[in-house]
Amino acid sequence: MDPFANRAWAPNQWYQPQYDPRVYIPPYYGASYGWPGFNDRARAPKYPNLNPALAADTTQVRYDVRKAPSDGILFSTAAQLGPSPALSTTTPSIRIISHSFPWALDIRAPVTCLAVFEGLYKMLQEPIADSEWGIVCSLDKTRRETIEKAAKARMEKDKVKQLKRIDWLGDKTAFRGLEKDAQFAKNRLLPEATECSETWVVKFGKP
């Protein structure tokens, strides 16, 4: 006799493969759990003000920024993260910088988790400017080789014969979370530019 024959069909109760973050996202990542009202166990230990879906020490999201969030993140996961604020406190904007690229990304309110992923994707799809390429050619031979190798592989797939910012990352295109680095943020700030209190450093790794 089938022990499940008389039970209502509820797939989420029977199949939640936690080993695959594209499929399973802890429920406390979602807005439905009252962000910031989730319990302390769910908070990112190092960055309790940051949604654990984004924090480098707790994120289980492995999003490849070469793809649009609608393609790189499972639909159900994206829907769950979409309305969830990136921070537990209200902020007019956040700024994202990185050791892996030279640009700054400002995301204005409402700052949700999905807005962070979409912002990174759109920024990295922009073409590399002639002035940026000139600096690479004159100062950084290793970076030039990395960009050219990544661009060649990408062009074989998308047929876009133009260098893009995503090529700057080489083969390290997987989102690994946000973290704080006050000294780097201070050094990275353009002179006379307005400082953003919510400046976060995004980390990347190999997919």
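Structure's up top.
Each value, and the rule that gives it
Residues numbered from 1 in each chain as written. Predicted model: local features only at pLDDT ≥ 70, side-chain atom pairs only at ≥ 80, totals over all residues. Heavy atoms only, no water. Helix = DSSP H or I, 4+ residues; strand = E, 2+ residues; numbered from the N terminus. Buried < 20%, exposed > 50% of the residue type's maximum accessible area, 1.4 Å probe, protein only. Contact = heavy atoms within 4.5 Å. Areas by Shrake-Rupley, 256 points an atom, 1.4 Å probe, with all protein chains shown as cover. Core = buried A, V, L, I, M, F, W, Y, C linked by side-chain atoms within 4.5 Å. Expected span 1.5 Å × (residues − 1). Salt bridge = Lys/Arg side-chain N within 4 Å of Asp/Glu carboxyl O.

Undergrad: Outline the overall build of the chain, listing residues and values.
TA: Scanning the chain from terminus to terminus reveals 7 helices and 4 strands. Residues counted as buried form 43% of the 207 residues belonging to the chain. The contacts of the chain with a sequence gap of at least 6 include a subset with a gap of at least 24, amounting to 65%. Entry remark: accessible area of the chain is about 12,200 Å², with carbon and sulfur atoms responsible for 53%.

Undergrad: Explain the nonpolar core to me, and be specific about the residues and the numbers.
TA: General note: in soluble globular proteins, nonpolar side chains tend to be found buried as a group. Residues Leu54, Phe101 and Val116 are the most contacted members of the largest nonpolar core, which totals 38 residues. For this core, the secondary structure elements donating two or more residues are strand E1 (93–97), strand E2 (105–108), helix H4 (113–124), helix H5 (130–139), strand E3 (174–179) and strand E4 (199–205). For this core, the element with the highest residue contribution is H4, accounting for 7 residues. Sequence-distant contacts of Leu54, that is, excluding residues within four places in its chain, are made with Thr59, Ala86, Cys113, Val116, Phe117, Phe175, Gly177 and Leu178.

Undergrad: Now, about H4: what can you tell me, with residues and values included?
TA: When the terminal C-alpha atoms of H4 are compared, their 17 Å separation across 12 residues agrees well with the 16 Å that a helix rising 1.5 Å per residue should span. Buried residues dominate H4, accounting for 9 of its 12 residues. Along H4, the positions that sit buried rather than exposed are Cys113, Leu114, Ala115, Val116, Phe117, Gly119, Leu120, Met123 and Leu124.

Undergrad: Tell me about the pattern of salt bridges, and please be specific about residues and values.
TA: Enumeration according to the criterion identifies 9 salt bridges in this entry. Where Arg154 meets Asp167, a salt bridge forms, and the shortest distance between an N and an O atom there is 2.8 Å. In this pair, Arg154 is assigned in helix H6 (residues 141–158) and Asp167 in the loop between H6 and E3, connecting sequence segments 13 residues apart. Between Lys164 and Asp158 there is a salt bridge, with the nearest N and O atoms lying 3.9 Å from each other. Each of Arg154, Asp158, Lys164 and Asp167 takes part in salt bridges that share partners, so that together they form one network.

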